[in-house]
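As a plain string of letters, each chain reads:
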Amino acid sequence: MADHGQTAVKKRRSLPVSFHYTLMMIPGFVWLILFSIVPMVGIVMAFQNFNPGKGIFGSEWVGLDNFIYLTRMGDVPRIIRNTLVIAIGKLILNIVVPLVFAILLNECKNVGYKKVVQTIVYLPHFISWVILANICMNIFGYFGIFNQITGLFGAEPKMWLNDPNLFQGFMIGTDVWKEFGYNAVIYLAALTGISPNLYEAAAIDGASRWQSIKSITIPSLIPTVVLLATLAMGNVLNAGFDQVFNMYSAVTYSTGDIIDTYVYRIGITNMQYSLATAVGLFKSVVSFTLITVSYVLAYKFADYTIF
């Protein structure tokens with residue numbers, strides 16, 4: 001009887017705590033419903049000839065006509081190709097570069113130096129692309145410092161960001177520069193979970209630092225790499241609207257125009273709302289499919305699950 005009484009008291013004490021946690025989650029649920037669930041009603045525009053005057057429920061229903069029209073547009077293969085090149089380049093390098101940086105920084109024994117370096121490379125993450133785009137344009141512009149440096153070696157000045165052949169490389173490189181310090185934090189956190197006893201045992205066996213990294217550090221980080229790669233697959237068609245929109249121009253449409261900027265132009269600028277919604281829905285379906293496939297592959301080949 002005493003045990004049952006103590007159990008009842010513990011349950012009564014735990015209820016208010018759970019209730020308070022539930023209350024704390026309510027604002028998040030409200031935000032999710034208002035800005036993520038409710039707007040999904042607008043998906044029906046992809047199957048309509050949307051007329052703003054008639055609204056979503058009064059516009060003419062056209063079925064799959066918008067999607068059929070997309071398959072006949074010459075721009076669609078180009079923007080998909082541009083999106084995939086930029087997004088996949090970012091996905092790979094935003095995993096590899098932070099990983100290498102985190103391992104190198106972890107090998108540094110000077111704690112003060114590590115903190116300074118980590119803070120410096122971490123800062124660009126908090127700067128918006130509106131500011132960074134202007135910085136890049138000033139550096140690589142016609143009168144920018146890059147042309148001044150190359151001019152010392154006899155090179156002719158040029159507008160580097162207006163070169164279609166270089167634009168995708170600029171998008172990938174500048175994004176990696178902006179985010180690798182922030183992404184490295186995850187790997188640094190994972191490195192702290194590796195037991196020091198493993199390194200001590202390796203040192204006793206005569207292993208070099210490179211051998212310790214190869215046999216202990218990298219294998220210990222594989223679950224984190226698999227997790228980040230799986231989550232990143234859902235964004236493989238998100239090549240970075242903010243970045244591209246602030247840095248591209250009509251000259252670089254051939255290699256710089258991505259799905260998001262294309263949707264912006266045809267949907268907001270040209271007011272083809274139904275066509276823009278169809279493109280956006282196509283992108284969402286592909287992204288959902290990719291993240292589902294990547295999750296299955298991660299479980300099958302790496303025996304790793306997220307949930």
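Let us look at the structure shown here.

Rules and cut-offs
Residues numbered from 1 in each chain as written. Predicted model: local features only at pLDDT ≥ 70, side-chain atom pairs only at ≥ 80, totals over all residues. Heavy atoms only, no water. Helix = DSSP H or I, 4+ residues; strand = E, 2+ residues; numbered from the N terminus. Rg over C-alpha atoms; globule rule 2.2 N^0.38 Å. Buried < 20%, exposed > 50% of the residue type's maximum accessible area, 1.4 Å probe, protein only. Contact = heavy atoms within 4.5 Å. Areas by Shrake-Rupley, 256 points an atom, 1.4 Å probe, with all protein chains shown as cover. Lys, Arg positive; Asp, Glu negative; His and termini not counted. Charge placed at Lys NZ, Arg CZ, Asp CG, Glu CD. Axes fitted to C-alpha atoms, helices over the stretch in contact; angles between N-to-C directions. Parallel < 35°, antiparallel > 145°, perpendicular 65-115°, else oblique. Nonpolar A, V, L, I, M, F, W, Y, C, P; charged D, E, K, R; others polar. Left-handed = near helix turned anticlockwise from the far one by under 90°. Core = buried A, V, L, I, M, F, W, Y, C linked by side-chain atoms within 4.5 Å. Salt bridge = Lys/Arg side-chain N within 4 Å of Asp/Glu carboxyl O. Phe/Tyr/Trp six-rings, centres within 6.5 Å; stacked < 30°, edge-to-face > 60°. Lys NZ or Arg CZ within 6 Å of the ring centre and 35° of its normal.

1. What to know about the overall build of the protein
A count of helical and extended segments in the protein gives 13 helices and 2 strands. Expected size for 307 residues packed as a compact globule is a radius of gyration near 19 Å; at 25 Å, the protein overshoots this value by more than 25%. Once the C-alpha set of the protein is aligned to its principal axes, its extents read approximately 75 × 70 × 35 Å. Here the protein holds 307 residues, and 34% of them are scored as buried. Pairs at least 24 apart in sequence give 65% of the contacts found in the protein among residues at least 6 apart. Counting every atom, the protein has about 19,000 Å² of accessible surface; 69% of that belongs to carbon and sulfur. Taking the average location of the 19 positive side-chain charges in the protein and that of its 15 negative ones, the two points are 7 Å from each other.

2. Some details on the packing of helix H4 (residues 111–122) against helix H7 (residues 164–191)
Relative to each other, H4 and H7 sit at 130°, their axes nearing to 7 Å. When the interaxial angle is binned, H4 and H7 end up oblique. In contact with Gln118, Val121 and Tyr122 of H4, H7 contributes Phe180, Gly181, Tyr182, Val185 and Leu188. Classifying every residue of the contact of H4 with H7 gives 6 nonpolar, 2 polar and no charged.

3. Here's the deal with the side chain of Asn183
Structurally, Asn183 can be placed in helix H7. Those residues in contact with Asn183 that sit more than four places away from it in its chain are Asn94 and Pro98.

4. Focus: the packing of helix H3 (residues 75–107) against H4
Here H3 crosses H4 at 160°, and the two axes come no closer than 10 Å. Our classification of the angle between H3 and H4 gives roughly antiparallel. Crossing of H3 against H4: the hand is right-handed. Residue-level contacts link Phe101, Leu105 and Asn106 of H3 to Lys114, Val117, Gln118 and Val121 of H4.

5. Some words on the environment of Lys54
In this structure, Lys54 sits in the loop between strand E1 (48–49) and strand E2 (60–61). Each C-alpha atom of the pair Lys54 and Lys300 lies 49 Å from the other, and the pair is 246 residues apart in sequence.

6. Here we look at the nonpolar core
One finds Phe101, Ala102 and Leu191 to be the most contacted residues of the largest nonpolar core, which totals 23 residues. Broken down by secondary-structure element, the contributors of at least two residues to this core are H3, H4, H7 and helix H9 (209–233). Excluding residues that lie within four positions of it along the chain, Ala102 makes contacts with Ala184, Tyr187, Leu188 and Leu191.

7. Looking at unusual backbone geometry
One non-glycine residue, Met271, lies in positive phi territory at about 60°. On the secondary structure map, Met271 appears in the loop between helix H12 (259–269) and helix H13 (273–301).

8. Here's the deal with the pattern of salt bridges
Counting across every chain of the model gives 7 salt bridges. In this structure, Lys158 and Asp163 form a salt bridge, with 3.2 Å as the shortest nitrogen-oxygen distance. For Lys158, a relative accessible area of 30% gives the class partly exposed. Lys283 is the salt-bridge partner of Asp260, the closest N and O atoms lying 2.5 Å from each other. Within this pair, whereas Asp260 is found in helix H12, its partner Lys283 is found in helix H13, the two being separated by 23 residues in sequence. By relative accessible area, which is 18% here, Asp260 ends up buried. Several salt bridges share partner residues, and in doing so they unite Asp75, Arg78, Asp257 and Arg265 into one network.

9. Brief notes about the packing of aromatic side chains
Enumeration over the complete set of coordinates arrives at 16 aromatic pairs. Seen from their ring centres, Phe47 and Phe67 are 5.4 Å apart, and the 45° between their planes marks the pair as tilted. You can see Phe47 sitting in the loop between helix H1 (2–37) and E1 and its partner Phe67 sitting in helix H2 (residues 65–72), a full 20 residues away along the chain. Note on Phe140 and Phe146: the rings are 5.3 Å apart at their centroids and 50° apart in plane angle, and the pair reads as tilted. On the basis of relative accessible area, Phe146 is assigned to the partly exposed category, the value being 30%. Each member of the aromatic cluster is reached from another via a ring pair, and the members are Phe241, Phe245, Tyr248, Tyr253 and Tyr264. Here Lys158 stacks its cationic end above the ring of Trp160, 4.8 Å away from the centre of that ring. Positioned above the aromatic ring of Tyr253, the side-chain terminus of Arg265 is 4.4 Å from the ring centre.

Purely geometric numbers; function is a separate question.
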